[in-house]
Amino acid sequence: MKHLETMMVADQRALPRSAIWLAAIWLAAIISMAVPGLLWWAPWSLITSLLAALSGALLFTLPGLAVLRWLHPGPLLWFERLAYAASLSCAVIPFLLLVSEPIGWRWNSLVAWLVMIIFAVLALWPAPQIRRPARGQRRLIGWMAALLSVAAVAVRLFAVRDVQVGLFGDSYHHTVVTQLLIDHGGLFRSWQPYAPAVTFTYHYAFHAMAAWWHWLAGIPATQAVVLVGQVMSSLAAPLLYLLTARLTNSRLTGLWAAVVVGFLSLYPAYYINWGRYTQLAGQTVLPAAAIAWMGLIDGALQPQRSWRSLAAPLAVASIASAGLAFSHYRVAILAICFVVAYALVALGRSGLVSWRTLGRLGGAGVLGALGAALLAWPWLWRVQQGQITRMAVQIVTTDIETRNPIALENIGAAFQYGLFPLAAIGLASLLWQRKSGGLVLALWAGLAWLAANPQLLGLTGQGLITTFAVLIGAYMVIAPAAGAGLLALMRLVAMLTRQTHRWMSATMIILHLAVGLAMIGWGAHIQATMVDPYYQLATPADLKAAEWIRDNLPRDAAIFVNGFPAYGGYVYAGNDGGWWLTFLTGRRTNLLPMAVGFEATDPPNMLRLIAEQHRAIQRYPIGSAQAADVLRALGFRYLYNGPAANPSGEYLDPVQIDAAPFYELIYRQDGVSIWRIR
């Protein structure tokens, strides 16, 4: 396999200089056939949204490039440096919000642009004096990975071109948090006017990136949430390329992993339907943390290296690990599993198991953990003020088997589109060749599964990280393994034809391109149609009705909307666009953002009061006099029912309400109905 990659890189001189351009043209042609309208939409969108595109590119690269310029000046392919920087940028930006809060610094457009200029100076001047990789590698590997990444971004953004607000339940509180960051110019404590919460301890890296994009380009919070989510989703392609290349010592395997996660894998693209953006943010930072820790561990296992020489990789590992604390608490557990897996494999591979080696490795680990804790300490101190710490302690100390169910359909979804046989072949190939990367992937997957299911070891803590979270994040193991599987199949073809074709290198390059383009064409259509209208709670009809409410209902109007108990009744969630009314109109409803469940509230028993209100009202049919009396007693004067119903079986039944004399219909259009309670 390594011979094939070397042959492809070494024999590039036999190819015309226009090979990259030809590949780009073919890629554009294939995608245009798979996704009609994309090539017309993309240039026009780029022209009309030039500031947003430029600021987004800077936001996701300059902060990380500045870190790498000073802490990782060694040789990297230009594209690998950009990919590494994108992952690190998602850790640096939230850190800026954290350190600015104690001094009362408030962020706005002008300050954000000034900081971007500073990052540009730190990243680009003075020019680093580093050894450049071979020209052939830069031309082929770097450009092919770049083309794949650009294509993934274009397809992901095209898929949401008509999405005005985020889908399903999580998108609502992500939008609220982003707007609060914008309104406060940074971190906040009060959730007013959207909820009576008085702490903010929810992982916020995703929202920080969305707020920064607003400050740089003026993008509203509703759109920033959707766009940042799609950019992070598409970043899985270059980041999995980078992680796979590092693990397998094969950039070609990394390219195939990028094809798999960028175009074939259901995850993370499907996150758009759930609004599962904070886990996505954590998995965007995780590759930087993994690569940084790999460098630190490898350095610690080299006895000739001084501790001073480990300072730079130690700093990068600390920054990236702190970024995980800002991004997603559960993904941080997955990262710990990776570090443990890699350390064990690296230690065994080194053959230098001694007390001194263990001491150096343990010392590096302790210093990295302390560095991350020190950087994240202000946030960790803040977290204990909310409900997250209490909930985590309760999970760890309570053995509840029903907290973490395993669904076969979730396993099937993770391996959809033929990824299981490819991943099995790839993992078997890596293990057969005694490649340590294969063992790391297998051990990482096993440790993550045990972390989600500690009952298999007789331990409590089931639910601290759910099996569902592990499965939908399993693409980080599946894509590298499937990439190795595709390369193993290509290697088999090369072996079968090597004796009959002297022009094997050119033939294999053409075969790789042909198979890759075919897979991208098939996958591009899958990715472009990933948005499922079933998960759209706030429809265009709801947005139009919200405008009517802002213009026609009193500002102190209280509106009762459809809701149902979620997470065992701990919080109440919405079935339709009525959930968004507090954000869209400023009017009070009976629902709060779900993330408030992690916070302290005023009054402290607010969640229990909301649950009691729902039970008191829904004890009676909505068309009954008793229901109308309870609604009035609780201060509600209006009812709202939207066209969405997810889940179905909503309490507010338009047929019952229309037939009851207790309500007056005041608005009905495109599936939205609003009644005044008489």
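The preceding data block contains the structure.
Since the structure is predicted, the reported quantities are computational estimates derived from the model, not experimental observations. (Residues numbered from 1 in each chain as written. Predicted model: local features only at pLDDT ≥ 70, side-chain atom pairs only at ≥ 80, totals over all residues. Heavy atoms only, no water.)

Draft legend 1. Local environment of unusual backbone geometry. Cis peptide bonds are those with omega within 30 degrees of zero, and the linkage from Tyr267 to Pro268 qualifies with 10°. Position of Pro268 relative to the elements: it lies in the loop between helix H12 (251-264) and helix H13 (271-274). Geometrically, the link from Asn646 to Pro647 is a cis peptide bond, its omega value of 0° lying close to zero. Phi at Phe168 is positive, roughly 60°, even though this residue is not glycine. Structurally, Phe168 is set in helix H9 (residues 168-184). For Tyr417, which is not glycine, the phi torsion reads 65° and is therefore positive. In this structure, Tyr417 sits in the loop between helix H19 (408-414) and helix H20 (419-432). The class of Tyr417 is partly exposed, set by a relative accessible area of 27%. (Helix = DSSP H or I, 4+ residues; strand = E, 2+ residues; numbered from the N terminus. Buried < 20%, exposed > 50% of the residue type's maximum accessible area, 1.4 Å probe, protein only.)

Draft legend 2. Spotlight on the pattern of salt bridges. Throughout the structure, instances matching the rule amount to eight salt bridges. Where Asp298 meets Arg349, a salt bridge forms, and the shortest distance between an N and an O atom there is 3.4 Å. Separated by 51 residues along the polypeptide, Asp298 in helix H14 (residues 277-300) and Arg349 in helix H16 (residues 329-350) bring together distant segments of the chain. Judged by relative accessible area, which is 45%, Arg349 ranks as partly exposed. When salt bridges that share partners are traced, they join Arg246, Asp298 and Arg349 into one network. (Salt bridge = Lys/Arg side-chain N within 4 Å of Asp/Glu carboxyl O.)

Draft legend 3. Spotlight on the sheet that holds strand E1 (residues 558-561). What the five strands build is an open sheet, ordered E4-E1-E5-E7-E6; its pairing is mixed. Because the sheet does not close on itself, it has two edges, and the strands there are strand E4 (588-589) and strand E6 (663-669). Pairing analysis gives four bridges linking strand E5 (residues 638-641) to strand E7 (residues 672-677), with the strands arranged antiparallel. In the sheet register, Tyr640 faces E7, and the bridge partner there is Ile674. (Pairing = 2+ DSSP bridges.)

Draft legend 4. Up close: the pairing of strand E2 (residues 563-566). Pairing between E2 and strand E3 (residues 571-574): four bridges, direction antiparallel. Counted as the bridge partner of Phe564 is Ala573 from E3. If you look at the hairpin formed by E2 and E3, you'll find four residues sitting between the two strands, and Tyr567 has a positive phi there, around 50°.

Draft legend 5. A look at the nonpolar core. With 226 residues, the main nonpolar core has Phe60, Tyr84, Trp191, Trp212 and Tyr267 as its most contacted residues. Per-element tally for this core: the top contributor is helix H11 (residues 221-248), with 16 residues. Residues Ile622, Val630, Leu652 and Ile657 belong to the second largest nonpolar core, which totals 17 residues. (Core = buried A, V, L, I, M, F, W, Y, C linked by side-chain atoms within 4.5 Å.)

Draft legend 6. View of the packing of aromatic side chains. As enumerated under the stated definition, the model contains 38 aromatic pairs in all. Ring centres 4.3 Å apart and planes at 25° place the aromatic pair Phe188 and Phe200 in the stacked group. With Phe188 in the loop between H9 and helix H10 (205-217) and Phe200 in the loop between H9 and H10, the pair connects residues that are twelve residues apart, well separated along the chain. Taken together, the ring pairs in this structure connect Phe168, Tyr267, Tyr270, Tyr271, Trp274, Phe468, Tyr534 and Tyr535 into an aromatic cluster. (Phe/Tyr/Trp six-rings, centres within 6.5 Å; stacked < 30°, edge-to-face > 60°.)

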